[in-house]
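Listed below are the residues making up each chain.
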Amino acid sequence: MRLVYVAGPYTRGNMCENIGVAARAGLEIMQAGHAPFVPHTHTHVMALFEYRDYEEWMAIDFAVVERCDAVFRLPGISDGADREVTLAEKCGIPVFTVMEDLIEYLGHSD
């Protein structure tokens, strides 16, 4: 089982739609037998209880990206997701924009 970070828009545009798109991507990764980290769902629930600075969230996201086997970049404009992709590339972590390509790279884990 490999760990995949899902990067994409969160606050830009419709936040509920963005969370839904990210969650569905995470579910596809799970269906292929791998472990997704979807920061949208992680951040959203925690932010309901306490305000945290944007850069605090980014620091957590960066710590997770560095531990992942791959990053899946969702479509859409997102400065944060772009920063996560840049970090992944710097760390030699492959970044995918097509789910089928990601799943093929990871292989199916049963």
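See above for the structure.
Chains are numbered independently. Their residues run from 1 in the order of the written sequence. Only residues with pLDDT of at least 70 are given local features in this predicted model, and only at 80 or more are side-chain atom pairs given and counted; all residues enter the totals for whole chains, interfaces and linings. Note that water and hydrogens are dropped before the side-chain values are worked out from all heavy atoms of the structure.

Asker: Help me out: how do you make sense of the sheet that holds strand S2 (residues 35-37) in this one?
Answerer: To summarise the sheet geometry, strands pair through backbone hydrogen bonds and adopt either a parallel or an antiparallel arrangement. The pairing criterion for strands is at least two bridges between them, as found by DSSP. Working definition: helices are DSSP H or I runs of at least four residues, strands are E runs of at least two. Numbering for both runs from the N terminus. If you trace the four strands from one edge of the open sheet to the other, you get S2-S1-S3-S4, paired in parallel fashion. Of all strands in the sheet, those with a lone pairing partner are S2 and strand S4 (95-96), marking the two edges. The strands touched by helix H3 (residues 54-65) are strand S1 (3-7), S2 and strand S3 (70-73); relative to S1, the strand with the most contacts, the crossing angle is about 145°. We call two residues in contact when some of their heavy atoms are within 4.5 Å. Working convention: axes come from line fits to C-alpha atoms, limited for helices to the stretch in contact. Angles between N-to-C directions cover 0 to 180 degrees.

Asker: Would you take a moment to explain the packing of helix H2 (residues 39-47) against H3 for this structure?
Answerer: Any two packed helices are characterised by the angle at which their axes cross and by the distance between the axes. Running from N to C, H2 and H3 point in directions that differ by 145°, and their axes come no closer than 12 Å. Remark: the crossing between H2 and H3 carries right-handed chirality. Residues Pro39, His42, Thr43, Met46 and Ala47 of H2 touch H3, and the partners they reach there are Trp57, Ile60 and Asp61. For the contact of H2 with H3, the per-class residue count stands at five nonpolar, two polar and one charged. Helix crossings are classified by the rotation of the near helix relative to the far one: an anticlockwise turn of less than a right angle makes the crossing left-handed, while a clockwise turn makes it right-handed. Three residue categories are used. Nonpolar comprises Ala, Val, Leu, Ile, Met, Phe, Trp, Tyr, Cys and Pro, charged comprises Asp, Glu, Lys and Arg, and polar comprises the others, including Gly.

Purely geometric numbers; function is a separate question.
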